[in-house]
Amino acid sequence: MKKIFAIAIAIVMALALAAPAFALTELDESPVQVGIVKVAAGSVVIDGKKDAAYDATSAIFVNEQNLSSWDESPCDTNANMWVIWDGAYIYIYAECNDAEIWTDHEGDAGDIWSGDHLGIMFDFDYNRTIEYGYSYDDNGDNVVYINIAADGDSNFFTGYHLVQEGMPLYNLTQTKAIIDSDAGKIYYEAQLPVPATLVEVKDGMKVGFEVGFTNASAAGENGEGGRVGNVTISPFGSQMYRWTHPIATATLLASGEAGYFSATGEIAPVDPAPVDPAPVDPAPAPADPAPVDPAPVAPVNPGTADVSVIFYALASLSAVAGLAISKRK
């Protein structure tokens, strides 16, 4: 009986201390938070090289394995990424580490997703309802979603109407990719327009944001070449091609605000400047306190949360005890 009692207590304590985990469910905000630093306009050139403007923020290390369940995935792709904006455009520069670079999409831009590439999504409607699944049709979603192949071809996914050919943001979007096979690196850079004519753009606004660095190989799946892995900034970021509720939350910061990245829900500044503590004169030693008779302590009623835990514990223990008694009979 004592053993059953101890097990019941352990169960109650575990339930009381358990914290909710990030899952593929509807969340008003993602636990993955990105603060996008604002820089001066005209400070970035899209050429696949890191401009000085990116030094206004710190690199985000992208290594959340999303498609690593396949047996053939080497799980050896990761990237450092910098994200900034200037009020009109969002800029992304990334250095992707990839031991085997494979881009054989047979010249078909629509098949870019099967080779090494970078996918980028911004949802300016910030729609995080689980029922919402944007479509390939021109249905008014303020979504920017592009794929950039490692060999430089880009695919604007016909249907994501803000950046598809013939739509207002198409000519404002620029991308560049450079392969360094000897170093096992792919350098990506993108300029994505903020749809100011479609949504109210302002400092501090929140948008859905996700990236996916896809790893491919000649062997690929089933020995036919193709994807073998994917790394994102969110645990379910690879679902960005159909849903926006699992992707990260990004905030377009005002000038002078420090960027941040957090995958835990605790929004912490990135690389804060060290602050030297001011010298403090030691306080004089206190005088001996006069003796004080202790005041009587009034009983304290437990709060609502304490009552709930106690009630749950008693209910659990009663059930366990009842079960033990019934078994003894």
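Throughout this document, residue positions are counted from 1 along each chain, in the order its sequence is written. Reporting in this predicted model follows two pLDDT cut-offs: at least 70 for local features of residues, and 80 or more for side-chain atom pairs to be given and counted; totals over whole chains, interfaces and linings ignore these cut-offs and use all residues. Water and hydrogen atoms were dropped before computing side-chain values, which therefore reflect all heavy atoms in the structure.

### Observations concerning the overall build of the protein chain
- Helix and strand definitions follow DSSP, with helices as H or I runs of at least four residues and strands as E runs of at least two, each counted in order from the N terminus. Check the secondary structure of the protein chain and you find two helices and 14 strands.
- For the protein chain, contacts bridging at least 24 residues in sequence account for 68% of all contacts bridging at least 6.
- With the model as given, the accessible surface of the protein chain reaches about 17,800 Å², and the carbon-plus-sulfur share is 56%. By definition in these notes, contact holds between two residues if any of their heavy atoms fall within 4.5 Å. What sets the accessible areas is the Shrake-Rupley method with a 1.4 Å probe; for residues, cover comes only from the shown protein chains.

### Topic: the nonpolar core
- In terms of nonpolar packing, the biggest core is built from 39 residues, with Met81, Ile120, Phe122, Tyr188, Phe209 and Phe213 touching the most fellow members.
- Apart from the residues within four sequence positions on either side, phenylalanine 209 is in contact with Val34, Met81, Val83, Ile92, Ile120, Met121, Phe122, Ile233, Ile247, Ala248 and Ala250.
- Buried residues of nine kinds, namely Ala, Val, Leu, Ile, Met, Phe, Trp, Tyr and Cys, make up a nonpolar core once their side-chain atoms join them within 4.5 Å. Burial here depends on accessible area, computed with a 1.4 Å probe over protein chains only, as a share of the maximum for the residue type. Under 20% is buried, over 50% is exposed, and the range in between is partly exposed. One finds Val37, Ile46, Tyr54 and Tyr93 within the second-largest nonpolar core, a separate group that totals 11 residues.

### Re the confidence of the model for the protein chain
- In predicted models, pLDDT denotes the confidence assigned by the predictor to each residue on a 0 to 100 scale. For the protein chain, the mean per-residue pLDDT works out to 73, and 60% of the residues sit at or above 70.
- Put simply, helix α2 (residues 304-328) is where the protein chain has its lowest mean pLDDT, 36, and strand β5 (residues 89-97) is where it has its highest, 97.

### Things to note about the packing of aromatic side chains
- Aromatic rings from Phe, Tyr and Trp, taking only the six-membered ring of Trp, are treated as a pair when their centres fall within 6.5 Å; an angle between ring planes under 30 degrees marks them as stacked, one over 60 as edge-to-face, and anything in between as tilted. Taken as a whole and assessed by the stated rule, the structure comprises six aromatic pairs.
- Aromatic side chains tyrosine 54 and tyrosine 93 sit 5.7 Å apart centroid to centroid with 40° between the ring planes, which places their arrangement in the tilted category. One end of the pair, tyrosine 54, is in the loop between β1 (33-38) and β2 (60-62); the other, tyrosine 93, is in strand β5, with 39 residues separating them in the sequence. Assigned by exposure class, tyrosine 54 and tyrosine 93 land together as buried.
- Measuring from centroid to centroid gives 4.6 Å for phenylalanine 122 and phenylalanine 209, while their planes differ by 15°, and the two rings are stacked. Of the two residues, phenylalanine 122 is situated in strand β6 (residues 117-123) and phenylalanine 209 in strand β11 (residues 206-217); the sequence distance between them amounts to 87 residues.
- An aromatic cluster is defined as three or more aromatic residues linked by ring pairs; in this entry it consists of Tyr54, Trp82 and Tyr93.

### What about the pattern of salt bridges?
- We count a salt bridge whenever a side-chain nitrogen from Lys or Arg sits within 4 Å of a carboxyl oxygen from Asp or Glu. Following the criterion strictly, the structure yields three salt bridges and no others.
- With its nearest N and O atoms 2.4 Å apart, the salt bridge here joins aspartate 55 to lysine 50.
- Classification of aspartate 55 as exposed rests on a relative accessible area of 53%.
- Residue lysine 50 is classed as partly exposed on the basis of its relative accessible area, which comes to 32%.

### A short note on the environment of proline 195
- Assignment of secondary structure puts proline 195 in the loop between β10 (185-193) and β11.
- C-alpha separation for the pair proline 195 and leucine 169, spaced 26 residues apart in sequence, amounts to 7.5 Å.

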